[in-house]
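# A look at the structure
Here is how the chains run, residue by residue.
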Amino acid sequence: MVLALVCIIVICVILFTYIYCIKKQLGSIKKQLDKRREDKASNPVLVEIRDKSVEDMAVSLNKTLRQETALRVSQEIKEQEFKQLITNISHDIRTPLAVMKGYLQLMQKNKMDKVCREYLEICLSHTASMERIIQQFFEYSYWSGAEEEINLKKINITNLVTEVMTDFIPVFEENNIKMELAGTGIYFGMADKELLVRIMQNLLRNSIQYAEGDVKVSIIPSEENTFIKISVENPVRKDCNVDINQVFNRFYVGKEGRNHSTGLGLSIVKMLVERMGGEVYADIEEGIFKTGFTIKKAGLPENYC
């Protein structure tokens, strides 16, 4: 009886010791995986106990991790090659396009009949469109690979947005679209002026591309009053099929059929906003499409998030 009791106690001690070692080893594996992810390292997972099941699991896990690392590296290489391709194509096309535009502008100064001048204006218009497309490709390639730190400064957001809207008035009038700034508040935020101008330009160009009616720009504080929300909204055309889950994806175009959009405008917006520590958002309700972004309100601590 005593011997049986001793045997049971010994078995229980061995079992609990085994379970403890297994739990400790699993905790060690978790720490190794966390460190591997944080450091973006490729170290294999090591085990400290001699147990065939645990060792087999570690072998399978390391094989999976090696495959995942190889796949990630391959994707990074392909992405870099793609960005470089865009940059090279943009550079290669810019020079002949500039030459062609120069000759077309010289032709403008010559006398010609009405029909020829109309054809010339069409050529110049398409040349300008091509320039914008190339610029978007070049801009996307640059910012997707840029690593320099963004210097955020206190900026009068209301004034800057108003200035960009003023520059776009002739373009909106040409497309018979009215534009208004909702609200009269003055808001200051932490942003890079150049990036913020580019963001607003891309949002307004996007609205011109798809607007069925008037465009409204809004600047409001977030509910927590820690961020500023800037949005552009407009009724969308019937030939547009907008998926708000994809609008910020690269090359996404919501308009059916052929158009002059590269599908990069909102993707560039997303990159630039995130570089400044903000977020982008999109919504569509009752035919009104809204795209917007947030930036940190001025006066908050640098490490606020």
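Residues numbered from 1 in each chain as written. Predicted model: local features only at pLDDT ≥ 70, side-chain atom pairs only at ≥ 80, totals over all residues. Heavy atoms only, no water.

### Notes on the overall build of the protein chain
Secondary structure summary: the protein chain contains 6 helices and 7 strands in total. Ordered by position from the N terminus, the helices and strands of the protein chain form the series α-α-α-β-α-β-β-α-β-β-α-β-β. Burial analysis of the protein chain (305 residues in total) assigns 34% to the buried set. Once local pairs closer than 6 in sequence are excluded, the contacts in the protein chain between residues at least 24 apart make up 68%. (Helix = DSSP H or I, 4+ residues; strand = E, 2+ residues; numbered from the N terminus. Buried < 20%, exposed > 50% of the residue type's maximum accessible area, 1.4 Å probe, protein only. Contact = heavy atoms within 4.5 Å.)

### A look at the side chain of Asn202
Relative to the elements of secondary structure, Asn202 occurs in helix α5 (residues 193-210). Residues in contact with Asn202, not counting those within four places in the same chain, are Gln136, Gly265, Ile268 and Val269.

### Notes on the environment of Ser231
Residue position: Ser231 is located in strand β5 (residues 227-235). Relative accessible area serves as the criterion here: at 5%, Ser231 is assigned to the buried category. Taking the C-alpha atoms as reference, Ser231 lies 8.8 Å from Tyr281; in sequence the two are 50 residues apart. Discounting chain neighbours no more than four positions away, the residues touching Ser231 are Lys216, Val217, Ser218, Tyr281, Lys290, Thr291 and Gly292.

### Re the packing of α5 against helix α6 (residues 265-275)
At their nearest, the axes of α5 and α6 sit 9 Å apart, and the two run at 155° to each other. Classed by the angle they form, the pair α5 and α6 counts as roughly antiparallel. At the point where α5 passes α6, the crossing takes the left-handed sense. In this structure, α5 contributes Leu195, Arg198, Ile199, Asn202, Leu203 and Asn206 to the contact, and α6 contributes Gly265, Leu266, Ile268, Val269, Leu272 and Val273. (Axes fitted to C-alpha atoms, helices over the stretch in contact; angles between N-to-C directions. Parallel < 35°, antiparallel > 145°, perpendicular 65-115°, else oblique. Left-handed = near helix turned anticlockwise from the far one by under 90°.)

### Structural notes on the packing of aromatic side chains
In total, this model carries 1 aromatic pair according to the counting rule given. Ring centres 6.4 Å apart and planes at 65° place the aromatic pair Phe168 and Phe172 in the edge-to-face group. With Phe168 and Phe172 both in helix α4 (residues 157-174) and 4 residues apart, the pair spans about one turn of that helix. Of the residues examined, Phe168 reaches a relative accessible area of 9% and is grouped as buried. Residue class for Phe172 comes out buried when judged on its relative accessible area of 1%. In this arrangement the basic side chain of Lys154 is found over the ring face of Phe188, its NZ or CZ atom lying 5.2 Å from the centre. (Phe/Tyr/Trp six-rings, centres within 6.5 Å; stacked < 30°, edge-to-face > 60°. Lys NZ or Arg CZ within 6 Å of the ring centre and 35° of its normal.)

### What to know about the pairing of β5
Both faces of the sheet carry side chains from a regular strand, because those side chains alternate between them. Counting buried residues in β5 gives 7 out of 9 residues, a clear majority hidden from the surface. In this structure, the hairpin formed by strand β4 (residues 215-221) and β5 is closed by a connection of 5 residues, where Asn225 is found at a positive phi of approximately 60°. Two strands pair when backbone bridges link them, and β5 and strand β7 (residues 288-296) are joined in this way by 9 bridges, in the antiparallel orientation. Within β7, the position partnered with Val232 by the bridge is Thr291. (Pairing = 2+ DSSP bridges.)

### Quick word on the pattern of salt bridges
Side chains bearing opposite charge may pair, as long as their charged atoms lie close to each other. Tallied over the entire structure, the rule returns 3 salt bridges. Where Lys290 meets Glu233, a salt bridge forms, and the shortest distance between an N and an O atom there is 3.9 Å. Here Glu233 lies in strand β5 and Lys290 lies in strand β7, a separation of 57 residues in the sequence. (Salt bridge = Lys/Arg side-chain N within 4 Å of Asp/Glu carboxyl O.)

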